[in-house]
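Overview (structure and organization)
One letter stands for each residue in the lines below.
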Amino acid sequence: QVQLVESGGGLVQAGRSLRLSCAAPVNIVRINVMGWYRQAPGKQRELVATITSGGSANYADSVKGRFTISRDNANNTVYLQMNSLKPEDTAVYYCNAQIATTIWSTLRNYWGQGTQVTVSS
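All of the points below concern the structure found in this document.

Section: the side chain of Asp89
Within the secondary structure layout, Asp89 lies in the loop between strand S8 (77-82) and strand S9 (91-100). For Asp89, a relative accessible area of 1% puts it in the buried group. Within the structure, the side chain of Asp89 is placed 3.0 Å from the side chain of Arg38, a separation counted as a polar contact. Within the structure, Asp89 has its side chain in polar contact with the backbone nitrogen of Lys86 (distance 2.8 Å). Leave out the neighbours within four places in its chain, and Asp89 touches Arg38, Arg66, Phe67, Ser84, Val117 and Val119.

Shown next as structure tokens:
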């Protein structure tokens, strides 16, 4: 079972910044797309940003210009730099990765445990 370990959430005032990290095991054969999703109370989980192994990034319209996703392929880690945070960014943020655990495996989706981000006004 692959475990994605997240860190970096917390409570912050509006306008401030936070950086989330998510690390996959280093012995993974292949990681394709990595990304961040979030789920606010009473709402469905939504995409925040994704990044391919080649570094191509995709963002939700609501975070464009404020959030930046990046990854360190050597350490199987993905980051989400969140600037100019707003109260509506408050949610549990989940890391996601498409992973093949062996050379014979197909890619499967794996999720982190979630980290709470709370932005106060």
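Next, the rest of the story.
With respect to the pattern of salt bridges
Counted under the stated rule, the structure contains four salt bridges. For Arg38, the salt bridge is made with Asp89, and the minimal N-O distance between the two is 3.0 Å. In this pair, Arg38 sits in strand S4 (residues 30-39) while Asp89 sits in the loop between S8 and S9, placing the two residues 51 residues apart along the sequence. Taking the relative accessible area as the measure of exposure, Arg38 reaches 7% and is therefore buried. A salt bridge links Asp89 to Arg66, with the shortest nitrogen-to-oxygen separation between them at 2.8 Å. Of the two residues, Asp89 sits in the loop between S8 and S9 while Arg66 sits in the loop between strand S6 (57-59) and strand S7 (67-72), which places them 23 residues apart along the sequence. Residue classification places Arg66 among the buried positions, given a relative accessible area of 11%. What you see here is one network of salt bridges that share partners, running through Arg38, Glu46, Arg66 and Asp89.

Side note on the nonpolar core
Counting 31 residues, the largest nonpolar core has Leu4, Trp36, Leu80, Met82, Tyr93 and Ile99 as the members making the most contacts within it. Of all the secondary structure elements, the ones that give two or more residues to this core are strand S3 (18-23), S4, strand S5 (46-51), S7, S8, S9 and strand S11 (115-120). In terms of residues, this core owes the most to one element, S9, which gives five residues. The contacts of Leu80, once residues within four sequence positions are left out, are Leu18, Arg19, Leu20, Trp36, Val48, Ala49, Phe67, Thr68, Ile69 and Tyr93.

With respect to a nonpolar patch on the surface
Where nonpolar side chains cluster on the molecular surface, the patch consists of Val29, Ile103 and Trp104 and spans about 410 Å² of accessible area. As for its position among the elements, Ile103 is in the loop between S9 and strand S10 (108-111). Residue Ile103 is classed as exposed on the basis of its relative accessible area, which comes to 64%.

Let's talk about unusual backbone geometry
Located in the positive-phi region is Asn76, a residue other than glycine, with phi close to 50°. Inspection of the secondary structure assignment puts Asn76 in the loop between S7 and S8. The residue Ser84 is not glycine, and still its phi comes out positive at about 50°. Of note, Ser84 is situated in the loop between S8 and S9. The exposure class assigned to Ser84 is partly exposed, which follows from its relative accessible area of 41%.

Cut-off values and rules
Numbering of residues starts from 1 in each chain and follows the order in which that chain's sequence is written. Local features in this predicted model are restricted to residues of pLDDT 70 or higher, and side-chain atom pairs are both shown and tallied only at a pLDDT of 80 or more, whereas totals for entire chains, interfaces and linings draw on every residue. Side-chain numbers come from the whole structure's heavy atoms, not from hydrogens or water. Labels follow the DSSP assignment, with helices taken as runs of H or I lasting at least four residues and strands as runs of E lasting at least two, numbered in each case from the N terminus. A simple rule labels every residue: compare its accessible area, found with a 1.4 Å probe on the protein chains alone, to the largest value its type can have, and call it buried under 20%, exposed over 50%, or partly exposed in between. Counted as a polar contact is a pair of N or O atoms within 3.5 Å, where, for protein atoms, one must be capable of donating a hydrogen and the other of accepting one, and residues adjacent in sequence contribute only when both atoms are in side chains. By definition, residues are in contact when any of their heavy atoms lie within 4.5 Å. One speaks of a salt bridge when a side-chain nitrogen belonging to Lys or Arg is within 4 Å of a carboxyl oxygen belonging to Asp or Glu. What we call a nonpolar core is a set of buried Ala, Val, Leu, Ile, Met, Phe, Trp, Tyr and Cys residues that are connected through their side-chain atoms within 4.5 Å. Patch building starts from residues that exceed 30% relative accessible area and form no salt bridge, then joins like charges within 9 Å and nonpolar side chains (Val, Leu, Ile, Met, Phe, Trp, Tyr) within 5 Å. What sets the accessible areas is the Shrake-Rupley method with a 1.4 Å probe; for residues, cover comes only from the shown protein chains.

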